[in-house]
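Residue-level listing of the chains:
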Amino acid sequence: MIATTNGHANGSLNEATTRDPFNNNCYGTMVDRKYKLVSLPVLDVNDFNERIIRGYEEGYGEKELPADLSLARSLVPAGTASLRDFSNISPEIPEYIADNCTGCMDCVTECPDTAILGKVLSETEWNEKMSTIPEADREMYGKQWSRTKKYFDAGKKRLGDGGMFQIIIDPSKCKGCAECVTVCDDDALKMIAKTDEVMLNSRKSHRYFKNIGPSNEKYISDNLLIDMMLKEQTMIYTGGAGSCAGCGEGTALRMLCAATALKHNDDWGIIAATGCNTVYTSTYPYNPYLVPWSNSLFENAPTYAIGVRMRWDQMGWDKKPLWCIGGDGAMFDIGFQALSRMFASGMNVKVFVLDTQVYSNTGGQASTSTYTGQNTKMSVHGKSVDGKQERRKEIAQIAIMHPRTYVAQTTCAHINHFYKSVLGAMEFDGPAIVVCYTTCQPEHGVADNMAGEQARLAVDTRAFPLLIYDPRAGDTIKKRLSLQGNPNVKGDWFVNPKTNKEVTFIDFARSEGRFAKHFDKDGNPSETLAFANKDRLENWHLLQELAGLR
Amino acid sequence: MIYRSFSRSALWTTIAAREAKRTYMSPAKATFEFSAGALAGALEFLKRTRWELRSLRRAHVYADCLRIFDINGDYFEVRGIGFADSDVVPLLQAVNAAFDPASVHEPPVSTPKEFDLGRRYTWAHDRVM
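Residues numbered from 1 in each chain as written. Chains lettered and ligands numbered in written order. Predicted model: local features only at pLDDT ≥ 70, side-chain atom pairs only at ≥ 80, totals over all residues. Heavy atoms only, no water.

A. How the structure looks around the confidence of the model for chain B. Residue and element names in this part refer to chain B. Chain-level statistics for chain B give a pLDDT mean of 84 and a share of 78% at 70 or above. Note on residues 1–13: pLDDT is under 50 here. Beyond four places in sequence and across chains, it has 29 contacts. Here the predicted complex scores 0.94 on pTM and 0.89 on ipTM. (pLDDT = per-residue confidence, 0-100. Contact = heavy atoms within 4.5 Å.)

B. Quick peek at the packing of helix α10 (residues 248–264) of chain A against helix α16 (residues 415–427) of chain A. Residues and elements named next belong to chain A. Running from N to C, α10 and α16 cross one another at 50°; their axes reach a closest spacing of 10 Å. Considering their axes alone, α10 and α16 lie oblique with respect to each other. Where α10 crosses over α16, the two elements pack in a sense that is right-handed. In this structure, α10 contributes Ala252, Met255, Leu256, Ala259, Thr260, Lys263 and His264 to the contact, and α16 contributes Ile415, Phe418, Tyr419, Val422, Leu423 and Met426. The residue makeup of the contact of α10 with α16, split by class, is ten nonpolar, two polar and one charged. (Axes fitted to C-alpha atoms, helices over the stretch in contact; angles between N-to-C directions. Helix = DSSP H or I, 4+ residues; strand = E, 2+ residues; numbered from the N terminus. Parallel < 35°, antiparallel > 145°, perpendicular 65-115°, else oblique. Left-handed = near helix turned anticlockwise from the far one by under 90°. Nonpolar A, V, L, I, M, F, W, Y, C, P; charged D, E, K, R; others polar.)

C. Layout of helix α5 (residues 123–130) of chain A. Listing the buried residues of α5(A) in full gives A:Glu123, A:Trp126 and A:Met130. In an axial view of α5(A), the angular spread of the buried residues amounts to 55°, which keeps them on one side of the axis. (Buried < 20%, exposed > 50% of the residue type's maximum accessible area, 1.4 Å probe, protein only. Arc of directions from axis to C-beta.)

D. Region of interest: the layout of surface pockets. All names here are of chain A. In this structure, the second largest pocket encloses a volume near 690 Å³. As for the second largest pocket, its lining consists of 24 residues, of which Leu75, Val76, Asn287, Pro292 and Trp293 are closest to the centre. Breaking the lining of the second largest pocket down by element, the ones donating at least two residues are α11 (276–280) and β7 (293–295). In terms of residue count, β7 provides more of the lining of the second largest pocket than any other element does, three residues in total. Considering only residue class, the lining of the second largest pocket consists of 15 nonpolar, seven polar and two charged. (1 Å grid on protein atoms, 1.4 Å probe; cavity = no way out; pocket = protein on both sides within 12 Å on 5 of 7 lines; lining within 4 Å. Points joined across faces, edges and corners; volume = space filled by probe spheres on them.)

E. Region of interest: the pattern of salt bridges. The final tally for this structure, using the stated rule, is 37 salt bridges over all chains. The partner of B:Arg58 in a salt bridge is A:Glu453, with the nearest N and O atoms 3.4 Å apart. One end of the pair, B:Arg58, is in strand β2 (residues 56–61); the other, A:Glu453, is in helix α18 (residues 451–460), on a second chain. The salt bridge involving B:Arg67 is made with B:Glu77; its shortest N-O contact spans 2.6 Å. Here B:Glu77 lies in strand β4 (residues 75–79) and B:Arg67 lies in strand β3 (residues 65–70), a separation of ten residues in the sequence. Judged by relative accessible area, which is 5%, B:Glu77 ranks as buried. Here the salt bridges share partners, and the residues they tie into one network are A:Asp355, A:Arg391, A:Arg392, A:Glu394, A:Lys534, A:Asp535, A:Arg536 and A:Glu538. (Salt bridge = Lys/Arg side-chain N within 4 Å of Asp/Glu carboxyl O.)

F. The arrangement of the sheet that holds strand β12 (residues 467–469) of chain A in detail. Residue and element names in this part refer to chain A. Strand order in the open sheet made by the eight strands is β7-β6-β8-β9-β11-β10-β12-β13, with mixed pairing throughout. Single-partner strands in this sheet number two, and they are β7 and β13 (481–482). Sheet topology places strand β8 (residues 322–327) next to strand β9 (residues 350–355); five bridges connect them, and they run parallel. Note that in β9 the partner of Trp323 across the bridge is Lys350. Sheet contacts for helix α12 (residues 301–314): β6 (269–272), β7 and β8; angle to β8, the most-contacted strand, approximately 175°. (Pairing = 2+ DSSP bridges.)

G. Up close: the interface of chain B and chain A. With 38 residues of chain B in contact, the opposing surface of chain A contributes 56 residues. For the chain B and chain A pair, buried surface summed over both sides reaches about 4100 Å², with 52% attributable to carbon and sulfur atoms. In this structure, the connection of chain B to chain A is made through six salt bridges. Here A:Lys501 and B:Glu106 are joined by a salt bridge, their closest N and O atoms 2.9 Å apart. The tally of links from chain B across to chain A stands at 15 residue pairs in polar contact (both at pLDDT 80 or more). Among the secondary structure elements, those contributing two or more residues to the side of chain B that touches chain A are α1 (8–25) and β2 of chain B. At eight residues, α1(B) tops the list of elements feeding residues into the side of chain B that touches chain A. Residue composition of the side of chain B that touches chain A, by class: 15 nonpolar, ten polar and 13 charged. (Buried area = accessible area lost by both parts, 1.4 Å probe. Polar contact = N/O pair within 3.5 Å; in protein donor to acceptor, adjacent residues only side chain to side chain.)

H. Structural detail: empty space enclosed by the protein. Residues and elements named next belong to chain A. Tallied over the entire structure, the rule returns eight cavities of 30 Å³ or more. Looking at the largest cavity, its volume works out to about 140 Å³. Around the largest cavity, the lining comprises 17 residues; the ones closest to its centre are Gly275, Cys276, Gly327, Val358 and Ser360. Contributing elements (two or more residues each) for the lining of the largest cavity: α11 and α13 (328–334). Here the element with the most residues in the lining of the largest cavity is α13; it accounts for three residues. Partitioned by chemical class, the residues of the lining of the largest cavity number six nonpolar, nine polar and two charged.

Here it is in structure tokens:
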């Protein structure tokens, strides 16, 4: 460990300051943590956080900080995004209505910014801890705890002491997307304006939440995957990443990190292909990851991962998972050769694809993952050509045809399917790929709160079928391929019980701005969209056939 | 491992129950009494009262009323117009609802008829490269 060069007179950024009086911007998600130090002669974490992060947080970084070695070396310490303050980017923040909460954890799971957190304590512990809260704030903070059936009633029956459950919003990380409000089925969250009083109470409450200690693990069932985010060890992706409000990729990365950390703590790593994901997770000097992460180019992430895997195996780190992350541009198109080569190697590398069906980072150009008819910057809808004319490439089917490769296609809206896919990929001794549908609000043309709903609709309309192909499950494709999780798995389209009508790809297209030009003024779809509809049904039929359902 | 699961119809029932509870529990933020020839007034009402709601999420159309919900479950209401009326189409268009013109006027299996409202322009949609 090298010595700190922190000599700032205003105290550490990881402690309360005049700018951050309740120390909301600090390390640790459920409880406070010290900086995550490294034993490298080329990176002084304390200096980086106290001098460089401070420069950016206080607004003089780009103008006044001299060029430094960490920038030249492309090094950013782990978790520096924890120190980033997003309090002022949104006019609204969620409010928790404790009486309505059931403790389902959907809001905590689906937040793309690690800005909504859960905690459970025994009632006895809770009473003790509440006595440490300043009297003037005790009632305000106490009201934010709920007695749910899941933790209180069941806890009382099982452990003799009910579990008190709290949801808290971290005001320094919330971007106001309202995804949490949308996924809440119990009216336990609503958006309110950020008045001075609201923000003061929110900042205080978040501080008390961290001071009160970790969850009591007796109330967290290891078998109930949705509860994994009650554990600090799963908070590998901190808030403070620079993704758009409501970004579907943010949620996917958080859930991937949580599931991997549940089994391996922070003893694993990531190789990322250039794209949106590398931009918002390494916008200098902010890094939301608490595990080693590296990015080289757009096209070579799987090759890079092969090299890292080989070295790790030489070092005896063969049990340490290595995720290779990229968008559809990196994995379907530019890095496809490298991806195929990695599959053929049989090496223990796990690939996670953030499939937004477009090059989101560079402004929305078509990729081979783009749907037929989609209006993108390289398939602009005009008089002679109405959007993309090719069919979508199906990377999952291509991956299935590689030798002994685990393949899954999933979404964050299908939480159990997602976790099952990721955990299955990690358990599999060999190459694996998990393709995840991720809503990109600006390129899909949907509201900030719509990531989950649109992902669910993509599955319901056969735009993006769920699948898991596990080579261990049998000696035929039929035995290995599961389409479980899709609605009406043996039929053509899902039939909405509320309308008794089939829900088709055209219905999905109708709900997103990227297909808006395919509908005339009376709302009738274009011929291209009718073809896209046929394409999606043919793809679904192929999957049914492979799975022995047709 | 226990994977929390529920049937899709149960999910729809949950959503319907929740929204029924919302509509029962809170009065409309604003209302408009629709009558024949009042389309322009109704459109003006939607435009004028829009600021009272947050990001719009869903439209419910009954036989005799239209409700526009935001993400918090708050809503405003146009009374005296239902799914069978031709004038419901421009009202749904005014809030950017996603609906099929071929079936918008058909009576639903269960009321209300629901339409999503989350569609937006894509980034730089008007830019030609």
